[in-house]
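# What the coordinates show
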Amino acid sequence: MSELIDLTAAQAAERIRAGDLTAAELFEAYRQRAAADELNAFTWVADAAPSPDGEASTPLGGVPVAVKDLFCTEGVPSQSGSKILEGYRPPYTATVVAKLAEAGAPLLGKTNQDEFAMGSSNENSAFGPVLNPWDRKRVPGGSSGGSAAAVAAGLAPWAIGTDTGGSIRQPAALCGIVGLKPTYGACSRYGMIAFASSLDQAGPFTRDVTDAALLFRHMVGRDRRDSTSLEYPGEVDLPKREDLEGLRLGVPEDLTGAEGGIEPGVRESFEATIKLAEQLGASIEPCRLPHAPQALSAYYLIAPAEASANLARFDGVRYGLRVDGDKDLITMYSRTREVGFGAEVKRRIMLGTYALSSGYYDAYYGTAQKVRTKIAEDFRTAFERFDFIVTPTSPCVAFGLGAKLDDPLAMYLNDFLAVPMSLAGIAAISIPSGLSEGLPVGFQLAGPAFSESRLLDAAFALEQAIGFDGSAARANNGPGRNAT
Amino acid sequence: MTAFEPVIGLEIHVQLSTRTKMFCGCELSFNDPPNIHTCPTCLGLPGALPVANEHAIHFAIMIGLALGCEIAERSLFHRKNYFYPDSPKAYQISQYDVPLCLGGHLGDVRIHRVHLEEDAAKLNHLGKSGRIHGSDRSWVDFNRCGTPLVEIVTEPDIHSAEQAREWLILLRTTLRQLGVSDVDMSQGSLRCDANVSIRPVGSTELGTKTELKNMNSFAFVAKGIEAEIERQKRLLDAGAAVVQETLHFDPTTGSLTPLRSKEEAHDYRYFPEPDLVPLLATEEMLAAARAALPAELPAERATRFEQELGLHADTARLFAFRAELGDYFEQALAAAGANGGADLEPAELSNWIGPLVERIGSDADPASSNVTPQSLAALATMVKAKEVSRDAAREVLTLLVQEGGDPREIVEREGLGAITAEDDGLAEIVDRAIAADPNAAEKVRAGNMKAIGPLVGYVMRETKGRADGGEITRLIREKLAG
Amino acid sequence: MLDREQVLHVARLARLELTDDEVDRMADELSKVLDHIEAIRELDLEGVPPTSHVVDVTNVLRADEPTPSLPREAILAAAPEPLNDGFGVPSPGAA
Ligand SMILES: [Mg+2]
Ligand SMILES: [Zn+2]
């Protein structure tokens, strides 16, 4: 059994195809581990494999996938970690989830997350915090903390989440797994409960880069129901590259300098990885992203502004929570939203509403959109000289539960290194680069729009050289663990 | 008491007659059972996204071209944020700073802008009145939600309630001819709000305006605006000031009551809709819209009737705005030309449409009456040729309306043909008239022409109006001229 | 930076009935965040066009063809107050 759990998704699919393993056996093995979840990673777990065998022929071989709560799944609870959607079961399924099911990755369960994907610690969830599988006194990162923890702990072979300003890369880093934030538009947003529409993007959480490529390959594609989705150019290749010969990597001082507040342990691991890259044949040079340090500010105007409108539909009229329905209309609205939303969500709705309100639009939202233009330009310029930009994914390793809860600004700074790529809409991946004080550190590579195949290839070469071992997190979690 | 000039601008919402909604594939509803035309998108379910309906955009461009607007090469959709049960997303997708169409004019009223947006849901109110006030529970029907709307905003170029009504009819005819909407005010597919202010005659700056809503018929538009103009006059005359507010017109009482606003603090927080991409009006789209336009729009037709055919301005507008009258008139005109009645002035012919409409009912379409354009043309030509007197022709028209047929035959059958001077019968009747009223005759001889009336009347009676009045007068004066 | 009055005004716009201490906390926290954000207003952004979309596509349109709608039962199943085959709400007109 444990040996079954140590297979990567691609290996498991291979076994199923070869006939040494059935999709049902695999599903059941993971279903049991997910059901026994002690990390609060899951909000709902399937009670049986959806369809009998026969998935062996599908490209994903029936290897089940864990899905972030905010993806709408027909008839299955989908409440984006919020009390305001208590008991909500959508009448339709998100495009990405449907595509994966079609490709042979059935739904294993729904995973915990920060409410409406707002957070970097997964402590802002109506379901309570998710625990980090490496150290249960620490956070898994957020907002896709449940998906990251589930994969790291071997409660799921792989998972999907969403990244708006780091919500895939940062938890992947803090949990020691691979997280890919695709180019904006690569995957359909249809059926994703929106946080910030111009930034939200779905992506895979996997144990290794090969799994990431495999899962991502079946997530991409233009969707007639998402006006902002794009046709993926060509097919996503499975990575095979062993070296980095001829690749030019840029290290943006503007992000990795003092302002980034990068912990010594993280910096150490980052520099070690740079050295490895050099040994693999890459050329490393400093590069400039002059406006990147302003990205966080722009992000905290744009995302809340869009969110303030996206979350306005939660009004107690058509679905979800309603409070004081016997009072007048405005009281019903205000009480429902007051009771239904958590502190961070209210904070961002307030911030976004303020940034859009008359008299402030130009000074805040308008300015932020111009900064966004400059940031995209910075990357375009940088990519003329460099294949990829590299940084640590997160300035710090997993921090203690509650450590940053009452300091929003400190919490926001976790995404200092992740947000610029989100604003530019480009591709970025985080891979584990080692441990610092026994906790995983993430290494981020960012490439131009639709450079995923090359990005995955480079990440794969590095991954082989790093040889990160995440088995401890699996061993220490799930049934029959010997927890530390 | 100062004289005031009303200044009126209209805001018209037009439901487009596409098959499906603006941003989803739900079919439009025609008084269907509640909530059967909804989907995740038009119901504002979490995670749903909008995709714009290309046919709605085609219709909007047609309207823009028909109104002589500038079609923006690139326009954007915005989110207009407000909480109300009829707005499932709590924002309406609309166009804000870059609308699809700018400028233009219809008749003598300039168009400010034309933009695309989505309709709201229908809010129904429990309680006897069925109206919002006094009801404590309401329920939402989302069938209408997301229906494509075009909003047309005029410049404040209208200066009377009647002008507003007439212009609105011109707009309806125009839109109907484009085939882009049912334009039925009673069904809500054409809705009109009015911004009304008044100012002392001669002054150029605008007074404080109020916005009138819910005037759901052409008559009510006129009534509502009239009532508001009067209300504002009374205020200003009394030295009070007009307050900027939204007023709800109550058709039953004709009264205007301030409307509770959707947001106590009006701040729509417009920002570009991130779920939609910019809209480009490509050459192909423009060409397709142009090709779909009718050859001649009502405003152009009115001008042609007045300037080329020399019809009276009011008649020209009537025939243009009521296309069925214009069509009938033009067919009759063609017939007249064909039957050698070429010397018949279009204006003369046009004078016979009125009497025809009187006889068939003012709302009826003459084309579906017993009177063919050919026979109306024939009748008018006969009058022109003095083959039948005007009065007799009216009788013929009445018979035509009743039984149809050929006017010439009816004139024969009823012996309504004109009696002319050459006809000695007429001279003989004139003699009898003079004999019957010697002292009237005396006065006329003495040069008092007023006295000729009774004599003419006698002849008219005797000839049952078949003789031409001018002829009769001429004959009598001959006889009495010593 | 942001005082109680502003917080209350914004909360009204956002339809959030904040408790008294929430209002104070909000004023304090939002002010801190806005102080940090202020920095971007020092940048010279003269003539820089705003970015609201990173994808540069235009005219993503659908043909005017019907797609199936949801059954009424399905949508009303989630309704807090089903009423007359619709969604019940306190009447906006109620005093
Ligand atoms: Mg409007
Ligand atoms: Zn729909």
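Attention here is on the structure that accompanies the text. (Residues numbered from 1 in each chain as written. Chains lettered and ligands numbered in written order. Predicted model: local features only at pLDDT ≥ 70, side-chain atom pairs only at ≥ 80, totals over all residues. Heavy atoms only, no water.)

### Overview of the coordination of the magnesium ion (ligand 1)
Residue and element names in this part refer to chain B. Using the following cut-off: Each metal's donors are the N, O and S atoms within 2.8 Å of it, or within 3.2 Å when it is Na, K or Ca, and because water is not part of the set, sites may look incomplete. Runs of H or I in DSSP of at least four residues are treated as helices and runs of E of at least two as strands, each being numbered from the N terminus. Whether a residue is buried, partly exposed or exposed follows from its accessible area with a 1.4 Å probe, protein chains only, as a fraction of its type maximum: under 20%, in between, or over 50%, in that order.
Only His13 (NE2), Glu117 (OE) and Glu151 (OE) from the protein reach the magnesium ion (ligand 1) as donors, at distances of 2.0 to 2.4 Å. Motif for the magnesium ion (ligand 1), donor spacing along one chain: H-x103-E-x33-E. One end of the pair, His13, is in strand E1 (residues 4-15); the other, Glu151, is in strand E12 (residues 148-154), with 138 residues separating them in the sequence. Here His13 matches Glu151 in class, with each residue buried.

### Thoughts on the coordination of the zinc ion (ligand 2)
Six octahedral donors around a metal ideally sit at 90 or 180 degrees from one another, while four tetrahedral donors ideally sit at 109.5 degrees. Surrounding the zinc ion (ligand 2) are the protein donor atoms Cys24(B) (SG), Cys26(B) (SG), Cys39(B) (SG) and Cys42(B) (SG), which sit 2.3 Å from the metal. Exposure remark for Cys42(B): the relative accessible area of 6% places this residue in the buried category.

### With respect to the interface of chain B and chain A
By a widely used convention, the size of an interface equals the accessible area lost when the partners come together. Stated precisely, the cut-off is as follows: The contact definition used throughout considers only heavy atoms, calling two residues in contact when any of these lie within 4.5 Å. Two parts placed together each lose some accessible area under a 1.4 Å probe, and the buried area is that loss summed for both. Each salt bridge in this description consists of a side-chain nitrogen of Lys or Arg and a carboxyl oxygen of Asp or Glu lying within 4 Å of one another. Asp, Glu, Lys and Arg are counted as charged, while Ala, Val, Leu, Ile, Met, Phe, Trp, Tyr, Cys and Pro are counted as nonpolar; the rest, among them Gly, fall into the polar class.
Between chain B and chain A, the residue contacts involve 33 residues of the former and 41 residues of the latter. Both faces combined, the contact of chain B with chain A buries some 2800 Å², and carbon together with sulfur accounts for 59% of it. Interface area lost by chain B to chain A is led by Pro46(B), Leu49(B) and Phe83(B), which between them contribute 22%. For the interface between chain B and chain A, the tally reads 1 salt bridge. Broken down by class, the residue content of the side of chain B that touches chain A amounts to 22 nonpolar, 4 polar and 7 charged.

### Quick word on helix H2 (residues 161-178) of chain B
Residues and elements named next belong to chain B. Test applied: To estimate how far a helix should reach, multiply one less than its number of residues by 1.5 Å.
Between its terminal C-alpha atoms H2 stretches 26 Å, which fits the 26 Å expected from 18 residues at 1.5 Å a residue. Of all the positions in H2, only Ala161, Ala164, Trp167, Leu168, Ile169, Leu170, Leu171, Thr173, Thr174, Leu175 and Leu178 are classed as buried. Where H2 terminates, the next one or two residues include Gly179, which has phi positive at roughly 70°.

### Thoughts on the side chain of Gln15(B)
Residue placement: Gln15(B) occurs in strand E1. Setting aside anything within four residues of it in sequence, one finds Gln15(B) in contact with Asp119(B), Arg144(B), Thr147(B), Pro148(B), Leu149(B), Val180(B), Ser181(B), Gly188(B), Ser189(B) and Arg191(B).

### A short note on the pattern of salt bridges
According to the stated counting rule, one finds 66 salt bridges over all chains in the structure shown. The partner of Arg199(B) in a salt bridge is Glu5(B), with the nearest N and O atoms 2.7 Å apart. Here Arg199(B), found in strand E13 (residues 190-200), pairs with Glu5(B), found in strand E1; they are 194 residues apart in sequence, far enough to count as distant. Overall, the relative accessible area of 23% leaves Glu5(B) in the partly exposed class. Note that Arg301(B) is salt-bridged to Glu296(B), the shortest N-O span being 3.8 Å. For Arg301(B), a relative accessible area of 9% translates into the label buried. Connected through salt bridges with shared partners, the residues Arg189(A), Asp226(A), Arg79(B), Glu273(B) and Asp275(B) form a single ionic network.

### Here we look at the nonpolar core
To be explicit about the condition: The term nonpolar core refers to a set of buried residues drawn from Ala, Val, Leu, Ile, Met, Phe, Trp, Tyr and Cys, joined through side-chain atoms within 4.5 Å.
One finds Leu10(B) and Ile225(B) to be the most contacted residues of the largest nonpolar core, which totals 281 residues. Take this core: its biggest share by element is 11 residues, from helix H10 (residues 295-310) of chain A. Once you skip the residues sitting within four places of it in the chain, Ile225(B) turns out to touch Ile8(B), Leu10(B), Ala161(B), Ala164(B), Ala194(B), Val196(B), Leu212(B), Met215(B) and Phe220(B). Formed by 37 residues, the second largest nonpolar core is a distinct cluster that contains Ala316(B), Leu356(B), Leu376(B) and Leu397(B).

### Some thoughts on the packing of aromatic side chains
All names here are of chain A. How we decide: Only centres within 6.5 Å qualify two rings of Phe, Tyr or Trp (six-membered ring in Trp) as a pair; their planes then separate them into stacked at under 30 degrees, edge-to-face at over 60, and tilted for everything else.
A complete count under the given rule lists 28 aromatic pairs over all chains for this structure. Note on Phe116 and Phe314: the rings are 5.0 Å apart at their centroids and 45° apart in plane angle, and the pair reads as tilted. Separated by 198 residues along the polypeptide, Phe116 in the loop between strand E3 (107-111) and helix H5 (145-152) and Phe314 in the loop between H10 and helix H11 (329-340) bring together distant segments of the chain. Just as Phe116 is buried, Phe314 falls in that class too. These aromatic residues form a ring-pair network of at least three members: Tyr88, Phe116, Phe314, Tyr319 and Phe341.

### Thoughts on the interface of chain C and chain A
The cut-off we apply is this: Contacts described as polar in this section are N or O atom pairs within 3.5 Å, which, within protein, must combine one atom able to donate a hydrogen with one able to accept it, while residues neighboring in sequence count only if both atoms come from side chains.
Taken together, the contact between chain C and chain A spans 49 residues of the former and 59 residues of the latter. With both sides pooled, the region where chain C packs onto chain A buries about 4700 Å², and carbon together with sulfur makes up 71% of that total. Across the contact surface, chain C and chain A share 4 salt bridges. Its salt-bridge partner being Glu22(C), residue Lys346(A) comes within 2.8 Å of it at the nearest N-O pair. Viewed at the interface, chain A and chain C are joined by 13 residue pairs in polar contact (both at pLDDT 80 or more). Within the residue set of the side of chain C that touches chain A, elements represented by two or more residues are helix H1 (4-13), helix H2 (20-37) and strand E3 (86-90) of chain C. No other element matches the 9 residues that H2(C) contributes to the side of chain C that touches chain A. Of the residues assigned to the side of chain C that touches chain A, the class counts are 34 nonpolar, 7 polar and 8 charged.

### Quick word on helix H7 (residues 323-338) of chain B
All names here are of chain B. For H7, built from 16 residues, the straight-helix expectation of 22 Å at 1.5 Å per residue is met to within 8% by its first-to-last C-alpha distance of 23 Å. Those residues of H7 lying buried are Leu325, Gly326, Tyr328, Phe329, Ala332, Leu333, Ala335 and Ala336. Lining the buried residues of H7 we find helix H5 (298-307), helix H6 (313-321), helix H8 (346-350), helix H9 (353-360) and helix H10 (373-384).

### Points about the sheet that holds strand E2 (residues 82-83) of chain C
How we decide: Only strands that DSSP links by at least two bridges are regarded as paired with each other.
Strands sit in the order E10(B)-E11(B)-E3(C)-E2(C) across an open sheet of 4 strands; the sheet is antiparallel. The open sheet terminates on both sides in strands that have one partner only, identified here as strand E10 (122-125) of chain B together with E2 of chain C. Strand direction decides the pairing type here: E10(B) and strand E11 (residues 137-141) of chain B, joined by 4 bridges, are antiparallel. Bridge pairing in E11(B) links Leu123(B) to Val140(B).

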